[in-house]
Each structure stands twice: as C-alpha cells, then as structure tokens.
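Remarks on the overall topology
As a plain string of letters, each chain reads:
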Amino acid sequence: MTIYLMCFILFLVGFYGVITKRDLVKIILSLAIMGYSTNLFLIIFAYRTGAHYPILEKGTSVTAMVDPLPQALVLTSIVIELGITALLVALAVRLYGKYKTFDITKIRRLLG
Amino acid sequence: MKSHDGMTLIVKTVTRLSVWLIILYGLYIILHGHLTPGGGFGGGVVIALAFLNVLLAFGHKFTGEWLKIPLLEKLESGSTLLFMLVGLLGIFYAGSFLANYIIKGSLYHLFSAGTIPLLNIIIGVKVAMSLFLVVWVMAAFKIEEEEEQ
Amino acid sequence: MILPLLIIVPLLTAFLITFIGGKKDTAAVILTLFAVTILLCMSLYSFIITGAQTQTYQMSAWAIPYGISLVLDPLSGFMMVMIAIISFTSALFSIQYIRHLQQDWKYYALFMLLLTGMNGVVMTGDIFNLFVFMEIALFAAFGLVAFGGKAEEYEAAFKYAVMGSVSSTIILFGIAVIYSATSSLTMSVIAQRLPLLDQKMVLWVGGLFMAGFGLKTAAMPFHAWLPDAHSSAPAPISSMLSGVLIKALGVYVLIRFFFNVLGAPRLFLTLFLVLGSISILVGVFLAIGQWDMKRLLAYHSISQIGYILLGLGLASPLAIFGAVFHMFNHALFKSLLFYNAGSVELALGTRNLKHLGNLSRILPVTSGTSMIASLSISGIPPFNGFFSKLVIIIAAIKTGHPVYALVAVVGSLLTLASFMKVQRYGFHGEKIIEKTVNKVGWSMNLAMICLAVLCLVTSALIIPGIREAIMDPVVNVITQKSQYLHVVMGR
C-alpha cells in the first residue's frame, strides 16, 4: 500500500509543478514527472512477489510470471510521452524566439 | 559559429571508433526483438543515439554532409508506409489487418515468429530516423534563431 | 471488412503526403480530397448498411479477450458520419484558405492524422487503444493549432498541449486502475467484470475519467484552454476542433464509458447535469462580452457542450435523443460559423466585430450562411438547433427537472442575444465596406453552402418516421446499457 501511496505523491509533485511553476522548461519537466509516476504505477501493480520475468527462454519451465501487458503499455506510453515532450520543447523554443523569455507570466498575449 | 564545429580531438576519435559499435548493438537488439527484451523501439533508439553522438562530437555541418538528411526523411515516412503494407497484406492472406501470415518457424530461432521480425526492423528504422530528425530539426532552429540576432 | 479501412485510409494518406512531401502541394490537396471523399462514402455506407446491427473486427485475428477489437455499432457509425461530413467540408474549405500559409502539405498530413485519431477513437473497443488514438488526434491538433506560426498561436498551442497531456496522464492513471481491478482492457470484458467488484472502484475510475475526459470535453471547470486553442487555430481547424474533436474525444468517450461500460451510475449522471447546466450559463455569459468573432464562437462551444451533457445527464430516451441530435447539429452550425469567421478574416484581415460593417454586398454567401447558422445555433424554428434544444427542454420537464429546463431556456435566449450582436455588428452594420484584402474562393463558398443546406435538412430528423429509422438505433445503444457487452461478446 505504501508504495502505491508514494507513487500517487510523485504524481501530485508533478501536478504541483505544472500548476505553480512559471518557467516553460520546468512545466515540461513536471509533466514528465507526472508521466513517470503513472508508468511506475503501471509497473508496480504488475509485479507479483517471487515471479519470473515474462520471457520464455530455452530450458526454463514456465512458472509464475510478472504480468507482461502493463510493461507493453508502459513502453507505448513512454513513446507517447517522448513525442509530447519533443513537441512541447519545440513549442517552447519557438515561444522563446518570439517573446525572448521562458517566463509564463510574460507570455500573455491571449486573454485566458 | 565555433561552438557548432564539434568537440575536441579526443572526443572525435572515440566517437569515430565507437559509433559503429553502437549501431551494431542497435541492429542486434532490433533483429533479436522477438527472442529477447528489446525490439524495434529499443534498437531504434540506440541507433538514433549513435547518430546523435556524431552530431554532438562533430557538429551540425559535418553530420549534415555525412548523413543525407532528405534520404532519412524519405526513410522515416517510407517505413510507415511499409508497415501498413505488411499490415494490409495480412488482410489479403489471413483475413485480418496485421495478421501473421508467414510461416512461424520454431521457437527460439532467429528466423521465426512470422512477420514480427520484419515489423521490428521497420519500426527500428522509423524510430531511429524520427528520433534523430526531431533532435536535428530542433538543433537547426536554434541556429536560425541565433542568426536572426 | 470495412472497419479497419476507415482507419487505414486516412493514416495511409497522411504518410503518403509526407512521403511525397517537398513542393508538391497540389498532390497533397488531391490526395486529401480523394481520401476525405472515400471516407464520407464509406462511413455513410457503413452507417446505412449496419442499421441496428453491430459489426466487430478483430485486429490481427486474435480472439476477444486477447486482441484489440474494432466495434462499429450505430453510435460509432453516427459519430463517423458526423466526422466525415465535417472533415469533407473542412478539407474543401482548406484548399483556398490554407494557400496563404506556406508548406501546406504539412497541414494536410496533420489533418489526415487528426482524422485517423478521431475515427480510431470512435471505433475501437479497447480502452488503451482508445488512449493511443486519442493521443494521435491530440498531437495533430497541437501541431495544427500552432500551424500559422504567430506568437499567439504558439502560446495557445503550448497551453493546449500542457492541458492535453495533463488530462492524458490522468486518463492513463484511470486505465491503470481499471486494468488492476479487472485484468482486462477490452471494454466489453470490463463491463462484464466491474459489477462484480467493490463499488468504490467505480468511483475511482469514474472520477479519474470524468476529470480526464472532462478536460477534453471542455465542460465548465475544465474549459480554460478551449477559447485560446480554438480561436488561434486556422479556421478550418477551428471547425474541426470545435465541431468534432471535442465530441469524438470528449462526449463520445463519456457516453461510451459511463453508459456502456459503467452502466450509468446515478452519481455521475447528476454530475453531468450540474456540469452541463453550469457550462451552458457560464459559457454564454463569457461569450456575450467578446468582440473577437472566433473567441465568441469558441465560448459558445462550451455552452453548447453543456446542452449535450445536460441531455445525457437526464438519461431518459427522449433526452438522450436530444443530446445526440444536438451533438450532430452543433457540429454542423458551429463549423459553419467558424468558416464564416475564417472567410471574413481572410477577406478583410480582421475578425474584430468592431471593425466589421455591412458585409452583405461584398460577401453575400458568407453573410447569408452566417445568418442561417446564427438562427440555427440560437434556436429559431425551421432550423435544426431549435428542434434539438426543444427536445432537451421537453425531456427536462418530463423527467421532473424544471430548473434545468429553465437553465436551457435562459441559455438559449442569451445565445440569441449574442448572435444578434454578431449579425448587427459583423454582417449588417452601418459601416459600408467596399474592398476586400483577399477573395473568398469558390471552394470556401461551396463548403459553407453545403453546411447551410445541411442545417436545414437535418431538421427532418425530428419527423417521426425518419427519426425512428435513423436516430432510434443510436439512442438504443446508449439507453440499453448492457446491450453493448452482449453484442460485442456475442460474436
């Protein structure tokens, strides 16, 4: 139970960062932390105590295995996060080119 | 633009030696994707990192001449088309998109698992190209920005 | 057999366009138009052929608990037709609108990816696959919002991307909770297993999904990103985002998940009602003070989404008919209004209502169709908006919620007021404007006329015979909650 709670706290740390930070790069990093906490959550509930890693090898018999599906999901979500981080960084670079600042409070041409 | 012409001689020499080893390792991961951990995505990332090593060590100009960027762009979108071609052939041969229609072979062999190694190779090319091009493009518009100033 | 093609065709077109790439913009236009026409034909065909039936398709021939299944039931077919109509007109509108920006092959590639994502979301029967398609659609949307390359557009896209990825993370968290509880990602299997579990789980999952997809839907407490993103995007994309994206990614998933998978728990229906009515009022109040035409329209999207949520929350068959009908109507008239705003912006170089005047001479088609769309959105009788709002209001009274009916009426009146402002200042003002910056071309006019005609024609869906034939299968999917499970598992 503690480990799930820690995971949720990590999620909240990321969320706190997204809400309160003013720097574009810090916002992107906070989003990444949120993503990592979710990935961690997926991995830890797939863990079975005393289980084998989910790969068939020559000469080993199939015993209890860790659930492999969440690991596949995590791989997919890592790819998606990679894409979104790249996109956000590209937007941040462009925004820096236009406004000459990373401070979100100074990037306010739209009303809200 | 001194800063973009690469790092010191030591770094360049080490990179020159190691880059092919890294690419080889990436290829190994891609080709054994259906037998061991890894596969198209992991191997593709390793190959992209080899290219990025060159970009970091030798700078923007050299990498642009060494790798043919338009060719990489074609490979990047072409590999997706190939992936879908393999998927569509599944409809014609086995009645379902992405169905595994090649003979599966026997377990633990390199040439087994039907279309999966094929798809792994395609994904590896796609991931390597797109990951490298993302960084390449971003590095390029940083330079543009500086030239404006 | 037709099911995977509905996803493959736009995906293939997107990558063919990038493969050809380079300077061949005409090829991209032709490919896009070709693909969009094929999709329109295929989705109409599948909607008509399917009727009340449900088709399922197993990806890579794996059976249901293991593989990813595509499900085409009447609700999915209905959404698909809606997406196809709007994307067809949007592609038509884009031909001349996007010409003034450079490198429009990139635009068309992203456009097709957006379409892929939305078609995938409405067809998939697997909850993680839904997440992946949703991300594809969102990526394309972020790129398209920033496509113009102005500072405001980057700012809006950044805001939208941050909001979008926060909501996606919340949704992924929800998916993780579901998977840990039911050991399955297939929606029909989840629907089967969830009632056997602790009901606290339903609260957890429902709460996470409500927050995640609520952000995508832009219902009231989660609306902050919408006006920026939808008003900064190029006009055809604003119409895609406001017209179909928030419905395919938001409302459709809410319907599918809360009605078909969770079985419409009472608590969340009440939440729909409350969020819906707050959205109606606050959206319209915020809209009425705007002078930027596209911003005004974007705020109206929040208010109109409120009507749909209100109809869903009432949950009687009549109310759900109203909600689904209003969803379709809103896609038509809101897209039309965004095209109007886009052609005004292209022709005069501004979309500030204070700088506009009498446009009925120089832009006859635009001002005529905008009149139709305005009447339609504010609920004036012969047009479709009137009927769907009326159905929702009647349903609210019938189910014993007169307060919500009052909210809907007040919202409708305020909508009328704000569109009288648009017409008064924007299209029929005193200032006579003689010359235009750019010409509004034939394809833009054609797109607007198509939608204006549809605004009138779709009123026919209220006529009893037609309503039973077309709308009842769609409503039945939503009202008979567990039917989905049996139909999908039955094959």
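Computed from a predicted structure; not experimentally measured. Counting restarts for each chain: residues are numbered from 1 in the order of the written sequence. All chains are assigned letters beginning at A, and all ligands numbers beginning at 1, according to the order in which they are written. Owing to the predicted nature of the model, reporting of local features is limited to residues with pLDDT of at least 70; listing and counting of side-chain atom pairs is limited to 80 or more, with chain, interface and lining totals taken over all residues. To get the side-chain values, take all heavy atoms of the structure and skip hydrogens and water.

So, the overall build of chain A
Of regular secondary structure, chain A possesses three helices and zero strands. Note on conventions: DSSP H or I runs of at least 4 residues are helices, E runs of at least 2 residues are strands, and numbering of each starts at the N terminus. Each helix (α) and strand (β) of chain A, taken in turn from the N terminus, gives the series α-α-α. The globule rule puts the C-alpha radius of gyration for 112 residues at 13 Å, and the 19 Å found for chain A is more than 25% above it. C-alpha atoms of chain A, sized along the principal axes, occupy 65 × 30 × 15 Å. Every one of the 112 residues in chain A was classed for burial, and the buried ones make up 38%. C-alpha atoms define the radius of gyration, and 2.2 Å times the number of residues to the power 0.38 defines the globule rule. Any residue under 20% of the maximum accessible area for its type is buried, any over 50% is exposed, and the rest in between are partly exposed; the area is computed with a 1.4 Å probe on protein chains only.

Some remarks on the environment of Ala408(C)
All names here are of chain C. On the secondary structure map, Ala408 appears in helix α16 (residues 402-427). Relative accessible area serves as the criterion here: at 1%, Ala408 is assigned to the buried category. Residues Ala408 and Tyr307, spaced 101 residues apart in sequence, show a C-alpha to C-alpha distance of 7.2 Å. Between two residues, a contact is recorded if the distance between any of their heavy atoms is within 4.5 Å. When neighbours within four sequence positions are excluded, Ala408 is seen to be in contact with Ile280, Tyr307, Leu310 and Ile393.

Structural notes on the environment of Lys61(B)
Residues and elements named next belong to chain B. Positionally, Lys61 belongs in helix α2 (residues 40-66). For Lys61, a relative accessible area of 60% translates into the label exposed. Residues Lys61 and Gly6, 55 residues apart in the sequence, show an inter-C-alpha distance of 9.1 Å.

Side note on the packing of aromatic side chains
What characterises a pair of aromatic rings is the spacing of the ring centres plus the angle enclosed by the ring planes. Note on ring pairs: Phe, Tyr and Trp rings are taken, using the six-membered ring of Trp, and paired if centres are within 6.5 Å. Classes follow the plane angle, with under 30 degrees stacked, over 60 edge-to-face and the rest tilted. Applying the stated rule across the entire model yields 32 aromatic pairs over all chains. When the ring of Phe11(A) is compared with that of Phe173(C), the centres are 4.9 Å apart and the planes differ by 55 degrees; the resulting orientation is tilted. With one member in each of two chains, Phe11(A) in helix α1 (residues 2-20) and Phe173(C) in helix α6 (residues 151-182) form a pair that bridges those chains. When sorted by exposure, Phe11(A) lands in the same class as Phe173(C), which is buried. In this structure an aromatic cluster arises from ring pairing among Tyr4(A), Phe8(A), Phe11(A), Phe41(A), Phe45(A), Phe173(C) and Tyr179(C). A cation sits over an aromatic face here: Lys74(B) above Phe19(C), 5.6 Å from the ring centre. The criterion for a charge sitting over a ring is simple: Lys NZ or Arg CZ within 6 Å of the ring centre, and within 35 degrees of the ring normal. Over the ring of Tyr425(C) we find Arg424(C), and its NZ or CZ is 5.3 Å from the ring centre.

Comments concerning empty space enclosed by the protein
The definitions used throughout rest on a 1 Å grid laid over the protein atoms alone, on which a cavity is an enclosed set of points accommodating a 1.4 Å probe that cannot get out and a pocket is an open set flanked by protein within 12 Å on both sides along at least five of seven lines; lining residues are those having an atom within 4 Å of a point. Grid points are joined across faces, edges and corners, and a volume is the space filled by probe spheres set on the points. Applying the stated criterion across every chain yields a total of four cavities of 30 Å³ or more. Estimates place the volume of the largest cavity at around 170 Å³. Considering the residues around the largest cavity, the lining is formed by 16 residues, among which Glu81(A), Ile84(A), Ser165(C), Ser168(C) and Thr169(C) are closest to the centre. Sorting the residues of the lining of the largest cavity by element identifies α2 (24-46) and α3 (69-99) of chain A together with α5 (127-145) and α6 of chain C as the ones contributing at least two each. Tallying contributions element by element places α3(A) first for the lining of the largest cavity, with six residues. Throughout this entry, Asp, Glu, Lys and Arg are counted as charged residues, while Ala, Val, Leu, Ile, Met, Phe, Trp, Tyr, Cys and Pro are counted as nonpolar. The remaining residues, Gly among them, count as polar. Within the lining of the largest cavity, the residues separate by chemical class into eight nonpolar, six polar and two charged. In this structure, the second largest cavity spans a volume of roughly 80 Å³. No other element matches α6(C), which puts four residues into the lining of the second largest cavity.

A word on the confidence of the model for chain A
Residues of chain A with pLDDT of at least 70 account for 97%, and the chain-wide mean is 86. Every residue gets a pLDDT, meaning the predictor's confidence in that residue, from 0 to 100. Taking the mean pLDDT of every element in chain A, the minimum, 89, falls on α3(A) and the maximum, 91, on α2(A).

Considering the side chain of Ser374(C)
Residues and elements named next belong to chain C. Within the element layout of this structure, Ser374 appears in helix α14 (residues 364-377). Whenever a nitrogen or oxygen atom comes within 3.5 Å of another N or O atom, the pair is scored as a polar contact, on the condition that within protein one atom can donate a hydrogen and the other can accept it, and that pairs from neighbouring residues in sequence are kept only if both atoms are in side chains. At 2.9 Å, the side chain of Ser374 forms a polar contact with the side chain of Gln423. The contact partners of Ser374, leaving out residues within four places of it in the chain, are Leu337, Phe419 and Gln423.

With respect to the side chain of Asn120(B)
Residues and elements named next belong to chain B. Examined against the element boundaries, Asn120 turns out to sit in helix α4 (residues 116-148). Given a relative accessible area of 11%, Asn120 falls into the buried group. Apart from residues no more than four positions distant in its own chain, Asn120 is found in contact with Ile30, Gly33, His34, Gly39 and Gly40.

Digging into the packing of helix α15 (residues 384-398) of chain C against α16(C)
All names here are of chain C. Every axis in this analysis is a line fitted to C-alpha atoms, fitted for helices over the stretch in contact. Angles between the N-to-C directions lie between 0 and 180 degrees. The N-to-C vectors of α15 and α16 enclose an angle of 155 degrees; their axes lie 7 Å apart at closest approach. Our classification of the angle between α15 and α16 gives roughly antiparallel. Both α15 and α16 take part in a crossing whose hand is left-handed. In contact with Lys389, Ile393, Ala396 and Ile397 of α15, α16 contributes Pro402, Ala405, Ala408, Val409, Ser412 and Thr415. Taken together, the residues of the contact of α15 with α16 break down into seven nonpolar, two polar and one charged. Roughly parallel refers to an angle under 35 degrees, roughly antiparallel to one over 145, roughly perpendicular to one between 65 and 115, and oblique to any angle outside these ranges. We call a crossing left-handed when the near helix sits turned anticlockwise from the far one by less than a right angle, and right-handed when that turn is clockwise.

Section: the interface of chain A and chain B
Facing the 14 residues of chain A at the interface are eleven residues of chain B. Taken together, both faces of the contact between chain A and chain B bury some 1200 Å²; the carbon and sulfur share is 77%. By definition, the buried area sums, over both parts, the 1.4 Å-probe accessible area that each loses when the two are put together. Area buried by chain A at its contact with chain B is led by Lys58(A), Val93(A) and Arg94(A), which between them contribute 31% of it. Inspection of the region where chain A meets chain B yields zero residue pairs in polar contact (both at pLDDT 80 or more). Each residue belonging to the side of chain A that touches chain B can be placed in one class, and the counts come to nine nonpolar, one polar and four charged.

Digging into the pattern of salt bridges
We define a salt bridge as a side-chain nitrogen of Lys or Arg found within 4 Å of a carboxyl oxygen belonging to Asp or Glu. Counted according to the given criterion, the structure contains nine salt bridges over all chains. A salt bridge links Asp67(A) to Arg48(A); the shortest N-O distance between them is 3.9 Å. With Asp67(A) in the loop between α2 and α3 and Arg48(A) in the loop between α2 and α3, this pair connects stretches of sequence that are 19 residues apart. Under the relative-accessibility criterion, Asp67(A) is labelled buried at 15%. Here Arg256(C) makes a salt bridge to Asp73(C), at a shortest N to O gap of 2.8 Å. Taken together, the residues span a long stretch of sequence, with Arg256(C) in helix α10 (residues 235-261) and Asp73(C) in the loop between β2 (69-72) and α3 (74-97) at a distance of 183 residues. Asp73(C) shares its class with Arg256(C); the two are buried. Each of Lys159(C), Asp228(C) and Arg295(C) takes part in salt bridges that share partners, so that together they form one network.

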